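Each chain, letter by letter, is given below.
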Amino acid sequence: TLRINMGVDARHRGSGYETDNAESFIISGTGVSSNETITVSAFGVTQQYTGISRVVVNDAGNGNDTITFNNVGSAVDVNGGVGNDRLLGNGGADR
């Protein structure tokens, strides 16, 4: 499981990035449902994670957040939190 450190989990991002405000994340995958490689881009930084079968946003928190999912085949669980959030995706079944 890959937890996205946004919103209520912002404090896990590291020094200088702990504030929960209007955030924008792009989460891209390889389109497979297990053992997927996921790339996460936010704040001008891109990181890659391997062996992923689930992506979780516990609570996107404050502000008007944007989360874009591109070709993610793994299960995705998102709680947008407060604010006027945009959750964007493509293909696959929404649950």
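Details of the structure are given in the entry above.
Residues numbered from 1 in each chain as written. Predicted model: local features only at pLDDT ≥ 70, side-chain atom pairs only at ≥ 80, totals over all residues. Heavy atoms only, no water.

*Asks:* I tried to follow unusual backbone geometry on my own but got confused; where do I start?
*Replies:* Most peptide bonds take the trans configuration, and most residues that are not glycine carry a negative phi. Of note, F43 is a non-glycine position whose phi angle comes to about 60 degrees, a positive value. Residue placement: F43 occurs in the loop between β3 (36-42) and β4 (45-52). F43 sits in the partly exposed class, given a relative accessible area of 38%. Although it is not a glycine, N71 adopts a positive phi angle of roughly 55 degrees. Tracing the chain through its elements places N71 in the loop between β6 (66-70) and β7 (75-78). For N71, a relative accessible area of 41% gives the class partly exposed. (Helix = DSSP H or I, 4+ residues; strand = E, 2+ residues; numbered from the N terminus. Buried < 20%, exposed > 50% of the residue type's maximum accessible area, 1.4 Å probe, protein only.)

*Asks:* Before we go on, may I ask you to explain the sheet that holds β6 in this structure?
*Replies:* Sheets are built from strands paired through backbone hydrogen bonds, the pairs being either parallel or antiparallel. Taken in spatial order, the five strands make up an open sheet running β4-β3-β2-β6-β8, and their pairing is mixed. Pairing within the sheet leaves two strands with one partner each, and these edge strands are β4 and β8 (86-88). Averaged over all pairs of adjacent strands, the angle between their axes in this sheet comes to 15 degrees, without regard to strand direction. One ladder, built from five bridges, connects strand β2 (residues 24-28) with β6; its direction is parallel. Each residue of the ladder has a partner; that of I27, found in β6, is F69. (Pairing = 2+ DSSP bridges. Axes fitted to C-alpha atoms, helices over the stretch in contact; angles between N-to-C directions.)

*Asks:* Explain the pairing of β3 to me, please; I cannot follow it from the model alone.
*Replies:* Put simply, side chains in a regular strand alternate between the two faces of the sheet. The alternating pattern of β3 places E36, I38, V40 and A42 on a buried face, while none of T37, T39 and S41, on the opposite face, is buried. By the bridge criterion, three bridges tie β2 to β3 in an arrangement that is antiparallel. Each residue of the ladder has a partner; that of I27, found in β3, is V40. Two strands pair when backbone bridges link them, and β3 and β4 are joined in this way by six bridges, in the antiparallel orientation. Along β4, the bridge assignment pairs S41 with T46. Taken together, β3 and the strand that follows it, β4, pair antiparallel across an intervening segment of two residues, in which F43 is found at a positive phi of about 60 degrees.

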